[in-house]
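Working through the structure, step by step
As a plain string of letters, each chain reads:
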Amino acid sequence: FWSTTVTSAPFVVRDQPPQLWITSPLDGAVISPEGVLRLRAGVADREDGLERFPTLRWISDRDGPLGTGPVDVNGARLSAGEHVITAIATDLAGN
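Presented here is a report on the structure given in the accompanying data block. (Residues numbered from 1 in each chain as written. Predicted model: local features only at pLDDT ≥ 70, side-chain atom pairs only at ≥ 80, totals over all residues. Heavy atoms only, no water.)

**Considerations on the overall build of the chain**
Check the secondary structure of the chain and you find 0 helices and 7 strands. Here the C-alpha atoms of the chain give a radius of gyration of 21 Å, more than 25% beyond the 12 Å that 2.2 N^0.38 yields for 95 residues. Along the three orthogonal principal directions, the C-alpha set of the chain runs to about 80 × 20 × 20 Å. The 95 residues of the chain split such that 27% are buried. Accessible surface for the chain amounts to roughly 7100 Å². Of this, 55% is attributable to carbon and sulfur atoms. One finds the centroid of the 8 positive side-chain charges in the chain at a distance of 2 Å from the centroid of its 12 negative side-chain charges. (Helix = DSSP H or I, 4+ residues; strand = E, 2+ residues; numbered from the N terminus. Rg over C-alpha atoms; globule rule 2.2 N^0.38 Å. Buried < 20%, exposed > 50% of the residue type's maximum accessible area, 1.4 Å probe, protein only. Areas by Shrake-Rupley, 256 points an atom, 1.4 Å probe, with all protein chains shown as cover. Lys, Arg positive; Asp, Glu negative; His and termini not counted. Charge placed at Lys NZ, Arg CZ, Asp CG, Glu CD.)

Given below as structure tokens:
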């Protein structure tokens, strides 16, 4: 029995950034100054697995950084008006 083997040259598969979805606040949420804004997200990373809270930062377009991980923000801390909240997740590889 005859066979032949061929091997490829080395190649790299790049690490992928985590997938991120915001679970709170819901779209259209209204927070009173006496209320609490709960910032929560789900994060899944192909290489690192399902993570509840890797390096996760929250930013308001009006008030700037709000905290890291799951955050409860006192409504009185937020300026009045409409906010757009951005969540940024960073995995173990820094993506």
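**Describing the pattern of salt bridges**
Summed over all chains, the structure comprises 2 salt bridges. Here Arg 38 and Asp 72 are joined by a salt bridge, their closest N and O atoms 2.9 Å apart. With Arg 38 in strand E2 (residues 36–45) and Asp 72 in strand E6 (residues 71–74), the pair connects residues that are 34 residues apart, well separated along the chain. Relative accessible area serves as the criterion here: at 43%, Arg 38 is assigned to the partly exposed category. (Salt bridge = Lys/Arg side-chain N within 4 Å of Asp/Glu carboxyl O.)

**A few points about the pairing of strand E7 (residues 85–90)**
Of the two faces of E7, the one holding Ile 85, Ala 87 and Ala 89 is buried and the one holding Thr 86, Ile 88 and Thr 90 is not buried anywhere. Of the pairings in the sheet, the one linking strand E4 (residues 55–60) to E7 comprises 6 bridges and is antiparallel in character. Across the sheet, Arg 57 pairs through a bridge with Ile 88, a residue of E7. (Pairing = 2+ DSSP bridges.)

**Structural notes on the sheet that holds E4**
Overall, antiparallel pairing links the 3 strands, which are arranged E5-E4-E7 in an open sheet. Bordering the open sheet on either side are strand E5 (64–68) and E7, each of which pairs with just one other strand. Neighbour-to-neighbour, the strand axes of this sheet turn through a mean angle of 25 degrees, independent of strand direction. Examined bridge by bridge, E4 and E5 share 4 bridges and lie antiparallel to one another. Bridged to Ile 59 within E5 is Pro 65. (Axes fitted to C-alpha atoms, helices over the stretch in contact; angles between N-to-C directions.)

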